[in-house]
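Each chain is listed here by its residues.
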Amino acid sequence: MEFEKTKVDDFLELFGSNRSRIAAYEGCLGLELHSSVDNPTTFYTYSTWRSEQDLENYRTSKFFKEIWGGTKVLFSKKPEAWSLLKLESDVKI
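Residues numbered from 1 in each chain as written. Predicted model: local features only at pLDDT ≥ 70, side-chain atom pairs only at ≥ 80, totals over all residues. Heavy atoms only, no water.

Asker: I'm lost on the packing of aromatic side chains in this one. Help?
Answerer: Working definition: an aromatic ring pair is given by the centre-to-centre distance plus the angle between the planes. What the rule picks out here adds up to 12 aromatic pairs. For the ring pair phenylalanine 3 and phenylalanine 43, a centre distance of 6.0 Å and an interplane angle of 65° mean the geometry is edge-to-face. Placement of the pair is phenylalanine 3 in the segment before helix H1 (8-24) and phenylalanine 43 in strand S2 (residues 43-49), with a sequence separation of 40 residues. Both residues of the pair, phenylalanine 3 and phenylalanine 43, count as buried. (Phe/Tyr/Trp six-rings, centres within 6.5 Å; stacked < 30°, edge-to-face > 60°. Helix = DSSP H or I, 4+ residues; strand = E, 2+ residues; numbered from the N terminus. Buried < 20%, exposed > 50% of the residue type's maximum accessible area, 1.4 Å probe, protein only.)

This is the structure in structure tokens:
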């Protein structure tokens, strides 16, 4: 997600105030926020879900619609999203 320079703090506040609720949503196994090393206005969220249905339940929830409504007005570009399948992992942290 790429934000207007003047809206980055607004996004961080919005994410920070909702992070625990998102992470506690049924089926959410983990939630991370990453920022670009090269662009301080670019952020990525990475969440892991127990199932596609759990993710879909979250995406269609009133809670998500409220957060998304507050987030999308801060973008400087159209956001992109992907659903991924983990094929291999060798994470040591």
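There is more to say after this.
Asker: Help me out: how do you make sense of the side chain of threonine 42 in this one?
Answerer: Along the chain, threonine 42 falls in the loop between strand S1 (28-35) and S2. We classify threonine 42 as buried; its relative accessible area is 10%. When residues no more than four places from it in sequence are discounted, the contact partners of threonine 42 are Met1, Glu2, His34, Ser35 and Ser36. (Contact = heavy atoms within 4.5 Å.)

Asker: What should I look at first to understand the layout of surface pockets in this one?
Answerer: Any empty space left between the atoms is revealed when a probe the size of a water molecule rolls over them. Estimates place the volume of the largest pocket at around 1400 Å³. As for the largest pocket, its lining consists of 37 residues, and the residues nearest its centre are Thr45, Ser47, Arg59, Ala81 and Trp82. If you list the elements that add at least two residues to the lining of the largest pocket, you get H1, S1, S2, helix H2 (52-59) and helix H3 (62-72). With seven residues, S2 is the largest single contributor of residues to the lining of the largest pocket. Along the lines of polarity and charge, the residues of the lining of the largest pocket split into 20 nonpolar, nine polar and eight charged. Around the second largest pocket, the lining residues are Glu32, Tyr46, Thr48, Lys86, Glu88, Ser89, Val91 and Ile93. Partitioning the lining of the second largest pocket into residue classes produces three nonpolar, two polar and three charged. (1 Å grid on protein atoms, 1.4 Å probe; cavity = no way out; pocket = protein on both sides within 12 Å on 5 of 7 lines; lining within 4 Å. Points joined across faces, edges and corners; volume = space filled by probe spheres on them. Nonpolar A, V, L, I, M, F, W, Y, C, P; charged D, E, K, R; others polar.)

Asker: Quick question: what am I supposed to make of a nonpolar patch on the surface here?
Answerer: A cluster of nonpolar side chains, namely Tyr46, Trp82 and Leu84, defines an oily patch on the protein surface of about 410 Å² accessible area. By the element assignment, leucine 84 lies in the segment after H3. (Patch = residues over 30% accessible without salt bridge, like charges linked within 9 Å, V, L, I, M, F, W, Y side chains within 5 Å. Areas by Shrake-Rupley, 256 points an atom, 1.4 Å probe, with all protein chains shown as cover. Salt bridge = Lys/Arg side-chain N within 4 Å of Asp/Glu carboxyl O.)

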